[in-house]
Structure formats: C-alpha cells, structure tokens
Amino acid sequence: MMKHAFRRGWLAAIFVASASPAWAQDVGAVSSGNWETGSIWTGGLVPGSSNNVFIGSTNPNGAASTATVTLTQNESASSLYLGDGSGTNGTLNLGSNTLTVSGYIYIGNGGGTGSIIEGAGGSFSAGGLILDSANTFKFGSNDSVSYLELDNGSSVTTGATGNVTGNINVNSGSTLNLGAALNLSGSL
C-alpha cells in the first residue's frame, strides 16, 4: 500500500513540475539569412514562440553584432531584440509575412541600431514596442502593439489608428509623429 501511495505522489510531482511555465530561451542570429534556416541561429534551431530572439546583438554568446533576417513564412517569438548593444545593427525583413511577438520588440536597446522592413502585406503584432538610442520607426497600416515607449531621442510615426491600442510613453528628447489618429484605451 505504501508503494502505491508513493507512486501517486511521484506522478503528482511530475505533473506539477510540467505545469509550471517555462522560461523563454535566448536565440541569436549568427549570420544573415532566412528566419526558417536553423543554421543561422545559435543552437542551430529555428526560434519560435518560446524564444527571445536577438538579431544584431552580442547576446547570446556566438550571435553576430550585425545581421539581417528575412521571414519566408509567418513566425512567432516571445520577444525580439533588433540592434541590442552599443555598435550593433539588426534588421528584420518581414516580406509579406506576419510576426507575432507575445512580449515586447526592442529596437536599439543599449545603443544599437535596428529596423523592420515590411513588404506588401507584411506586419507584426506585439505586446509592446520600445524604441531607444535615436532610432526611428514608421508603423505599417496593419502593425499593432498595446504599449509604445520612446527613449533617448527616438522617433515613431503611426500609420493607422490601431497601431497602438494601450499606453504610450514619450520620454524627453523623443518624438511621436501622428500619421493617423490615436484611439488609446490607456494614457499618453
């Protein structure tokens, strides 16, 4: 009887451990290329919804400080860093595809340069967009984020009413250009 109770407890412990949320793993571009090509990423695997993706960064170890990555199909990530760190340069070319980021997109974090290129029909959605280090960005008509933050002389231009739906934080020296009216559920 004791042995049976132990097994039930052991199975419950395994279930609880597997039900805990997993930490997002960092994946960095080691060279330019297509997102769907495993060999351009640290670890050799194509990143997905459980990964923090770095393009043009010295993080994680082995990532290239300058890289351009192109989507050839719809993709997802936990977070995205473009130009992460001083002297870095990261570009994401969406083509006509969609990128879904459950967390934030960081452009120019820590002094880097980053950009997103969109072809006809290309777009992204994210929990937020943080633009830093005098980087500039123009939203496409189908891009959407809940939160927008502009830091250290950065500049953003909206392209459609639904580009930002929640809150906007424009810090000193940064610029928000309205290419379309805002309809926020939060504050500016």
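For the structure itself, look to the data block above.
Just so we're clear, the structure is a prediction, and the values are computed from it rather than from any experiment.

What counts, and at which threshold
Residues numbered from 1 in each chain as written. Predicted model: local features only at pLDDT ≥ 70, side-chain atom pairs only at ≥ 80, totals over all residues. Heavy atoms only, no water. Helix = DSSP H or I, 4+ residues; strand = E, 2+ residues; numbered from the N terminus. Buried < 20%, exposed > 50% of the residue type's maximum accessible area, 1.4 Å probe, protein only. Areas by Shrake-Rupley, 256 points an atom, 1.4 Å probe, with all protein chains shown as cover. Pairing = 2+ DSSP bridges. Axes fitted to C-alpha atoms, helices over the stretch in contact; angles between N-to-C directions. Contact = heavy atoms within 4.5 Å.

Engineer: Looking at this structure, how should I read the overall build of the chain?
Structural biologist: Along its length, the chain carries one helix and 15 strands. Here the chain, with 188 residues, has 43% of them falling under the buried criterion. Just so you have it, the chain exposes about 9,100 Å², and 52% of that area is on carbon and sulfur atoms.

Engineer: It is not clear to me how the sheet that holds strand β11 (residues 136-138) should be interpreted in this structure. Could you clarify?
Structural biologist: Strands in a sheet are paired, the pairing made by backbone hydrogen bonds, and the direction either parallel or antiparallel. Ordered by their spatial adjacency, three strands build an open sheet running β11-β13-β15, and the pairing between neighbours is parallel. Edge strands, defined here as strands with exactly one partner in the open sheet, are β11 and β15 (175-177). Averaged over all adjacent pairs, the angle separating strand axes in this sheet is 10°, with direction ignored.

Engineer: Got a minute to help me understand the pairing of strand β3 (residues 51-57) in this structure?
Structural biologist: In terms of residue burial, β3 counts as a mostly covered element, since seven of its seven residues are buried. The sheet contact formed by β3 and strand β6 (residues 79-84) spans five bridges and is parallel. Each residue of the ladder has a partner; that of F54, found in β6, is Y81.

Engineer: Looking at this structure, how should I read the side chain of S123?
Structural biologist: Within the secondary structure layout, S123 lies in strand β10 (residues 123-131). The contact partners of S123, leaving out residues within four places of it in the chain, are L94, N97, T98, L99, E118, N142 and D143.

That is the geometry; function is a separate question.
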